[in-house]
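Topology and contacts: notes
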Amino acid sequence: MSAEKPQFTFRKFPKIRRLPEEEKYYHKQHQKSLLDCIQVGQIFNISEKLDGTNAGIEVIKYNNNFDYKLMTHNFYLGEKDLDLRGFKGFAEETLIPKIKTYLQDTLDGHFYFYGEWLVPHQIDYQDNMWNHWYFLSFYNASPNIIHREASLPDRQIIAEEMNLKMPDIMFDSEKRDITPEFLNDYLGKSNATAIPNNGEGIVIE
């Protein structure tokens, strides 16, 4: 007998907090913050925060058949009959076939792929950056597994296997005694903007 088919369940892309907010949140929970972890030698990385539109794909594989829904940060596209400035067509023509190929040898399950659909917003990027989807996160919500966001090394493997673009990694190393001033040095750095180093920000994890 097959396991029960998973049901579509809207899941937002995890919130990215500003650094002071992040520090305050974890200290309030009596947990180590980002800077606490870095300062005791935990490996971390810095990637560019792209200024586009958050766009995700929820996928259910059941009895080797695939169902999917496209989403923004707040709702499924089908609920408002939107194409998210071209994302719907790009996803159906390019991303869905890649996802089906990637998942074809896996067990049935429930999966989320999140990314940034880069269309003009506030930051001006180089022409070759536009109208691409940049892979940000993968979450496996299948039954009987530990549910968590994929780590950067795992995401890099997924991106390579699926031939997906990712935001640039600016720093990836073990380094002690990191200060907010060290992190501030990376703010705005970008090889992707029309005017060099005019980026929106960075993501630290």
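Note that this is a predicted model, so its numbers are computed, not measured. (Residues numbered from 1 in each chain as written. Predicted model: local features only at pLDDT ≥ 70, side-chain atom pairs only at ≥ 80, totals over all residues. Heavy atoms only, no water.)

Some remarks on the environment of Lys 28
Locating Lys 28 in the fold gives a position in helix α1 (residues 19-28). Overall, the relative accessible area of 67% leaves Lys 28 in the exposed class. Each C-alpha atom, one on Lys 28 and one on Glu 92, is 43 Å from the other, the two residues being 64 residues apart in sequence. (Helix = DSSP H or I, 4+ residues; strand = E, 2+ residues; numbered from the N terminus. Buried < 20%, exposed > 50% of the residue type's maximum accessible area, 1.4 Å probe, protein only.)

Considerations on the sheet that holds strand β1 (residues 44-49)
Pairing within the open sheet is antiparallel, and its 3 strands lie in the order β6-β1-β7. Bordering the open sheet on either side are β6 (169-173) and β7 (201-204), each of which pairs with just one other strand. When strand polarity is set aside, the average angle formed by the axes of neighbouring strands in this sheet is 20 degrees. Examined bridge by bridge, β1 and β7 share 4 bridges and lie antiparallel to one another. (Pairing = 2+ DSSP bridges. Axes fitted to C-alpha atoms, helices over the stretch in contact; angles between N-to-C directions.)

Focus: the packing of aromatic side chains
What the rule picks out here adds up to 16 aromatic pairs. Aromatic pair Phe 113 and Phe 138: ring centres 4.9 Å apart, planes at 55 degrees, arrangement tilted. Residue Phe 113 is located in strand β4 (residues 109-117), and its partner Phe 138 is located in strand β5 (residues 133-140); the two are separated by 25 residues in the primary sequence. By relative accessible area, which is 0% here, Phe 113 ends up buried. Under the relative-accessibility criterion, Phe 138 is labelled buried at 10%. Consider the rings of Phe 171 and Phe 182, whose centres lie 5.4 Å apart with planes at 75 degrees: the pair is edge-to-face. Placement of Phe 171 in strand β6 and of Phe 182 in helix α6 (residues 180-184) is noted, with a sequence separation of 11 residues between them. Assigned by exposure class, Phe 171 and Phe 182 land together as buried. Grouped by ring-pair contacts, the aromatic residues Phe 13, Tyr 112, Tyr 114 and Tyr 139 constitute a single cluster. Seen from the ring of Tyr 139, Arg 11 lies directly overhead, with NZ or CZ sitting 3.5 Å from the centre. Lying over the aromatic face of Phe 75, Lys 80 brings its terminal NZ or CZ to 4.4 Å of the ring centre. (Phe/Tyr/Trp six-rings, centres within 6.5 Å; stacked < 30°, edge-to-face > 60°. Lys NZ or Arg CZ within 6 Å of the ring centre and 35° of its normal.)

Interpretation note: all reported values are geometric properties and have no functional meaning in isolation.
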